[in-house]
Amino acid sequence: MLRKDAKTKLIQRVPLFANCSKREVAKVAAIADEIDLREGKELTRQGSPGREFFVLVDGSAEVVKDGKRINSLGHGDFFGEIALIHHAPRTATVKATSPVRALVVTERNFKRLLEESPEIQRKVLAALAERLAPQTI
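A brief structural summary. (Residues numbered from 1 in each chain as written. Predicted model: local features only at pLDDT ≥ 70, side-chain atom pairs only at ≥ 80, totals over all residues. Heavy atoms only, no water.)

**Notes on the overall build of the protein chain**
- Scanning the protein chain for helices and strands turns up four helices and eight strands.
- In the protein chain, the order of α-helices and β-strands from amino to carboxyl end is α-α-β-β-β-β-β-β-β-β-α-α.
- Relative to the compact-globule value of 14 Å for 137 residues, the protein chain shows a C-alpha radius of gyration of 15 Å, a close match.
- Projecting the C-alpha coordinates of the protein chain onto the three principal axes gives extents of approximately 40 × 40 × 30 Å.
- Counting over 137 residues, the protein chain shows a buried share of 41%.
- The long-range share in the protein chain, meaning contacts at least 24 apart out of those at least 6 apart in sequence, stands at 76%.
- In the structure as shown, the protein chain presents an accessible area of about 7900 Å², 51% of it carried by carbon and sulfur atoms.
- The positive charge centre, built from 24 side chains, and the negative charge centre, built from 18, are 1 Å apart in the protein chain. (Helix = DSSP H or I, 4+ residues; strand = E, 2+ residues; numbered from the N terminus. Rg over C-alpha atoms; globule rule 2.2 N^0.38 Å. Buried < 20%, exposed > 50% of the residue type's maximum accessible area, 1.4 Å probe, protein only. Contact = heavy atoms within 4.5 Å. Areas by Shrake-Rupley, 256 points an atom, 1.4 Å probe, with all protein chains shown as cover. Lys, Arg positive; Asp, Glu negative; His and termini not counted. Charge placed at Lys NZ, Arg CZ, Asp CG, Glu CD.)

Quick look at the structure:
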């Protein structure tokens, strides 16, 4: 099991939480469950609805889009964070290529946290807007 500060450090790396204080990120870490998954397990499936966000603690995974491997993931990598805000279909499949330990934040728990902490909600939405804004040259 990860210590609370280790969970916070991993989640702090996620751009969606870039505007949040350490105390606010700790609140997100507090709702993150630590899970163990076997090699070969699909964490997400392209086209399926997204309902959770993952941060890899240990192990590795591959990202496959339209049948082609497009990325490899390892310790500290994260995916699915937009599913916490926008209930859209997954854009890729992520499959464990080794046994994986991950932090998982569910959409339901995250929405409850945002309702209880409007300041976190405001900062997360600001970070999301920055991420989605057109890039200027």
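**Here we look at the packing of aromatic side chains**
- Tallied over the full model, the rule gives three aromatic pairs.
- Seen from their ring centres, F17 and F53 are 6.1 Å apart, and the 65° between their planes marks the pair as edge-to-face. With a gap of 36 residues between them, F17 in the loop between α1 (4-12) and α2 (22-30) and F53 in strand β3 (residues 52-58) connect regions that are remote in the sequence. The pair F17 / F53 is uniform in exposure class, with both members buried.
- An aromatic cluster is defined as three or more aromatic residues linked by ring pairs; in this entry it consists of F17, F53 and F110. (Phe/Tyr/Trp six-rings, centres within 6.5 Å; stacked < 30°, edge-to-face > 60°.)

**Side note on the packing of helix α3 (residues 107-116) against helix α4 (residues 118-132)**
- In contact at an axis separation of 5 Å, α3 and α4 are set at 115° when each is read in the N-to-C sense. One element, α3, and the other, α4, form an angle in the roughly perpendicular class. Contacts between α3 and α4 pair F110, L113, L114, E115 and E116 from the former with P118, I120, Q121 and V124 from the latter.
- In terms of residue class, the contact of α3 with α4 is built from six nonpolar, one polar and two charged. (Axes fitted to C-alpha atoms, helices over the stretch in contact; angles between N-to-C directions. Parallel < 35°, antiparallel > 145°, perpendicular 65-115°, else oblique. Nonpolar A, V, L, I, M, F, W, Y, C, P; charged D, E, K, R; others polar.)

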